[in-house]
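# Chain and residue survey
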Amino acid sequence: MTERAHAAHAEGETGVWSGSWVAERLGVELAGDEALTALLGLALRRNPKRAHLLVSNVLGKHVPQSPSVVYGHGVALGRRVRELLGAEAAEGAVVLGYAETATGLGHSVADGLGSAPYLHSTRRAVAGVARAGGFEESHSHATSHLLLPQDPALLAGDGPLVLVDDEFSTGNTVLNTIRALHERYPRKRYVVVALVDMRSPADAGRLDAFAGEIGARVDLVTTASGTVRLPPGVLEKGQELVARYEAPPVDPATEPTTERPEATTERTTEATSEPASGPTGGSPGAASPGSVERVELRWPHDVPDGGRHGFTAADRDRLESALPGMAARIHDALPARARRVLVLGFEELMYAPLRLAQALEQAVGGDVEVRYSTTTRSPVLAVDDPGYAIRTRLVFPAHDDPADGPGERYAYNVAGAGFDAVIAVVDSAADTPALHAPDGLAVRLAAHVPHVLLAVVPSYVPHASPAPQAPERPPMLPEPLRGPAFSSYAPDEVGWLLQDLSDVTLEAPTEEREEAIQSGGAHYAESLPVEYQPSEQYQELFHAALESSAARLARAVGAVTEVVLTERSPSPVLVSLARAGTPVGVLMRRWARFRHGLDLPHYAVSIVRGRGIDANALRWLADHHNPADVVFVDGWTGKGAITRELAAALRDFEASDGVTGFDPEIAVLADPGSCVRTYGTRDDFLIPSACLNSTVSGLISRTVLRADLVGPHDFHGAKFYRELAGADLSPAFLDAVSARFPDVTESVDAHVKELLSADRTPTWEGWAAVERISEEYGIHDVNLVKPGVGETTRVMLRRVPWKVLARAGAGADLDHVRLLAEQRGVPVEEVADLPYTCVGLIHPQYTRGATGADGKAVTL
């Protein structure tokens, strides 16, 4: 195939539909308007959620296209929206585009609409800019969208909201966005805009039903419509094709072409950074890597680089005035003999390079052929076939220090397209050493194109938001506390969203606390028990228990972490419920690094029964992460009280703050109460971190919530027992379990397969058992019944126990409980059909004169 033929194919000029390869092999049908096949090709995703990718020929993302064609399609859609709304309503409209693919399209629609301000969602968190919302894109490989307007009032008006995406497929993303925004900023009219409407017949009626549900008008404006007909098993067939045609990079200059099955022209074409020829090579005659030079744009300092924080009509006017001069500077920097030029944008930065490309196209007239496309996060298979939309793929590492960590990025249909020069346009946040590294984008481009020009647009930094933006909150919440200043954990293991109350005397005798709690005179979170100092015999039991259970713990840690990564988020933010959840969160973080090389964020927050979760901690998390990525972690479930507490607290927080996305489903190591879906095991066994208090939890106390110590804008408090450093077993516990990770890898894989295929719907049988025990023993208060080994241990260490119920035949898991019971004079009663290994009963109606079941005073 000649370079010019390859280039012609990329723009759909060969007469071969660029979706025929996928259609023939998967049985996928594109049915609808005649314009569909001109607008769209097909490719295969490297994505477990969806097999096919609709590749737009006019979007300027995957396929290089004339910038006037790309811009023209967006402006035309905007003009149609203006006609639909009428001039008066259009003046009050706001346009919202979706990252990353539709950021430029949405901006072009706003231009066509007239003076409408524009905002696009983003996957790049920006320090100091508060979130105005966020949402998920369920089928995407990278789902988290943030809304970060400089002026929150941009979304708070009552004029029409115009939402722009490249395709309208199921409608889930758009409808979820409207629902979330409508709850905070209700308005009467919405307009959904897309290049193509590809909804199935089953989805077609949802828009009208949804509009009726929210009491607003929702219109749809598209360039073309149709549907994708998918045969049964298409996802599996697509994955099989990807596996068959995906190949490691090869150097076509040194390795002979090896034909793939089924046709002599089919090859996966992942271009390398080495000089090459043929379909993965550069321009004819390019024998060595091209040059990389900078071109100074002189971008206006007062013009945002795009719509990440909002783009107004005044911004548009200033940009229009500056474009001809910037285009002239690019033209002057091009080599004299360049006849085919690509302006390559960068992920979400689509509009600025598009307008630069359009202005360059106008400046050069017919002398130079200008094309436009952008790099992307989206992993797509490349196959060098005339009937396939993605012919070549350049792979390079992310170079903008993304919040979700390092990863591959891609430029499609650039190598082998016959370009004499590429103008790579990035923002200053992405002009990093990684961009210029040996495997970076600049070098990769230079291996295939003789001349590479780098144009840097300054990343727009919003001005400080006015103070009235959020009067109900403090201007800034403090950063998390970290070891060694707070806790004995390493600083990267966990950040504590707590305040340090180490200098405050909060401890009270156990009996005194119990009497105050049960009489209603105090809440358990207003004071702390005196820290239990284990005897030598008890410490020996702890070490023996850890030795015998380390592998079982490691297996449960691995299982729950794998379930989280599979079902909840590929890049979760672990948020432990302090303090029992904290060691588990640290271990889950270690497993993710051990098994997958992931460096997951991990925080610890306070949740208090009857008082809810720390709302300020939630606010901090929402400002720094996507709430949908947050996974709450605890050690175990008992009867499920905290599970219910968290769900209720998150509902209240959503109502008070309008922040959505936090999932109340807790991930736990052990779920003997059958209260959650995400767990490592449902066995009720000894988790050694329950045996001790602070000395196995980073030397941190229980959390404290007391009005005279914790103000409305403070995190809940806790103490750091620095004086107990000599007795600290926290690192030893973590290291003992982590050391068993390599031993349990295979069993974890098998266990995870069982979990993912099992019905894990909570039955709440633990709660039912607690209610039954409460009545049978005349307690009549489920809060005084603590089921499970972990909860029973807590009763023995922190409360005034009445008795312990033990399952008949329970073995070594109860050795430490039996020892504590002996030390405290508490009877242990064996029960034949107990659903837990043991249950701890707190003395009902306790006073310091109360006696135990055997007539002895229940005191230490």
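Whatever comes next refers back to the structure up there.
Residues numbered from 1 in each chain as written. Predicted model: local features only at pLDDT ≥ 70, side-chain atom pairs only at ≥ 80, totals over all residues. Heavy atoms only, no water.

### Describing the overall build of the chain
Secondary structure summary: the chain contains 24 helices and 33 strands in total. The buried share of the chain, reckoned over its 860 residues, is 60%. Considering only contacts in the chain between residues 6 or more positions apart, those separated by 24 or more positions represent 76%. A total accessible area of about 32200 Å² is found for the chain, and carbon and sulfur atoms account for 51% of it. (Helix = DSSP H or I, 4+ residues; strand = E, 2+ residues; numbered from the N terminus. Buried < 20%, exposed > 50% of the residue type's maximum accessible area, 1.4 Å probe, protein only. Contact = heavy atoms within 4.5 Å. Areas by Shrake-Rupley, 256 points an atom, 1.4 Å probe, with all protein chains shown as cover.)

### Some thoughts on the nonpolar core
Of all hydrophobic cores here, the largest spans 137 residues; its most connected members are Y388 and I423. When residues of this core are assigned to their parent elements, the largest contribution, eight residues, is made by helix α12 (residues 351–364). For I423, the residues in contact, after removing those within four places along its chain, are I330, L334, V341, L342, V343, L344, L360, L453 and A455. Counting 86 residues, the second-largest nonpolar core is a separate cluster that includes L506, L546, A556 and I607. (Core = buried A, V, L, I, M, F, W, Y, C linked by side-chain atoms within 4.5 Å.)

### Quick look at helix α18 (residues 615–624)
For α18, a buried count of seven out of ten residues is recorded, marking the element as mostly surrounded by other parts of the structure. Inspection of α18 places N616, A617, L618, R619, W620, L621 and A622 among the buried residues, and these make up the whole buried set. Looking at the packing, one finds that the buried side of α18 touches β23 (573–578), β24 (602–608), β25 (612–613), β26 (630–636) and α19 (641–657). Structurally, the start of α18 carries an N-cap: the backbone nitrogen of N616 is 3.0 Å from a side-chain oxygen of D614. (Polar contact = N/O pair within 3.5 Å; in protein donor to acceptor, adjacent residues only side chain to side chain.)

### Here we look at the sheet that holds strand β33 (residues 838–842)
Strands belonging to one sheet form pairs held by backbone hydrogen bonds; the direction of such a pair is parallel or antiparallel. If you walk across this open sheet you meet the four strands as β30-β33-β31-β32, and the pairing is mixed. Only two strands of the sheet have a single partner each, and these edge strands are β30 (785–787) and β32 (828–831). The mean inter-strand angle of the sheet, taken between neighbouring strand axes irrespective of direction, is 20 degrees. The sheet contact formed by β30 and β33 spans three bridges and is antiparallel. From the neighbouring strand, K786 faces β33, where its bridge partner is G840. Each of β30, β31 (801–807) and β33 touches helix α22 (residues 765–776); the most contacted strand, β30, lies at about 140 degrees to it. (Pairing = 2+ DSSP bridges. Axes fitted to C-alpha atoms, helices over the stretch in contact; angles between N-to-C directions.)

### Some words on the sheet that holds strand β13 (residues 340–346)
The strand order across the open sheet built from five strands is β12-β18-β17-β13-β14, with neighbouring strands paired in parallel fashion. A strand with exactly one partner marks an edge of an open sheet, and here the two such strands are β12 (291–294) and β14 (369–375). Neighbour to neighbour, the strand axes of the sheet diverge by 25 degrees on average, direction disregarded. One ladder, built from four bridges, connects β13 with strand β17 (residues 421–427); its direction is parallel. In the strand pairing of β17, L342 is matched with V422. Each of β13, β14 and β17 is contacted by α12, which is oriented at about 175 degrees to β14, the strand it contacts most.

### Describing the pattern of salt bridges
For the coordinates displayed, the defined rule picks out 40 salt bridges. Among the salt bridges present, the one from R391 reaches D384, with a minimum N-O distance of 2.7 Å. For the pair R391 and D384, one class covers both residues: buried. A salt bridge links E567 to R677, with the shortest nitrogen-to-oxygen separation between them at 3.8 Å. (Salt bridge = Lys/Arg side-chain N within 4 Å of Asp/Glu carboxyl O.)

### Comments concerning the packing of aromatic side chains
Across all of its chains, the model carries 13 aromatic pairs by this definition. The interplanar angle of 70 degrees and the centroid separation of 6.1 Å between the aromatic rings of F311 and Y351 together place this pair among those described as edge-to-face. Here F311 is found in the loop between β12 and α11 (313–333), whereas its partner Y351 is found in helix α12, with 40 residues between them in sequence. A relative accessible area of 1% means that F311 is categorised as buried. With a relative accessible area of 4%, Y351 lands in the buried category. With 4.9 Å between their ring centres and 80 degrees between their planes, W591 and F741 make a pair best called edge-to-face. (Phe/Tyr/Trp six-rings, centres within 6.5 Å; stacked < 30°, edge-to-face > 60°.)

### Observations concerning the pairing of β24
Counting buried positions along β24 gives seven out of seven residues, so the element sits mostly inside the fold. Residues H602, A604, S606 and V608 point to one face of β24 and Y603, V605 and I607 to the other, with burial holding for every one of them. Looking at chain direction, strand β19 (residues 495–496) and β24 are connected through two bridges and run parallel. By the bridge assignment, G495 is partnered in β24 with Y603. Pairing of β23 with β24 involves five bridges; the strand directions are parallel. Its bridge partner lying in β24, L574 is registered against H602. Inspection of the sheet shows β24 paired to β25 by two bridges, in the antiparallel sense. Residue pairing in the sheet places I607 in a bridge with I613 of β25. Two successive antiparallel strands, β24 and β25, enclose a turn made up of three residues, where G610 displays a positive phi of approximately 90 degrees.

### A closer look at the side chain of D400
Its location among the elements puts D400 in the loop between β15 (393–397) and β16 (408–412). Within the structure, D400 has its side chain in polar contact with the side chain of R124 (distance 3.5 Å). Non-local contacts of D400, meaning those with residues more than four positions away in its chain, are made with R124, F346, A429 and A430.

### Some details on unusual backbone geometry
Omega for the peptide link from G483 to P484 comes to 0 degrees, which places this bond in the cis form. Along the chain, P484 falls in the loop between β18 (451–457) and β19. Going from A578 to R579, the amide bond is cis rather than trans, its omega being 0 degrees. By secondary structure assignment, the location of R579 is in the loop between β23 and α17 (581–596). For S674, which is not glycine, the phi torsion reads 50 degrees and is therefore positive. Turning to its location among the elements, S674 is positioned in the loop between β27 (667–670) and β28 (678–681). With a relative accessible area of 4%, S674 lands in the buried category. With a phi close to 65 degrees, L699 is a non-glycine residue in the positive phi region. In this structure, L699 sits in the loop between β28 and β29 (717–718). The exposure class of L699 is buried, given its relative accessible area of 2%.

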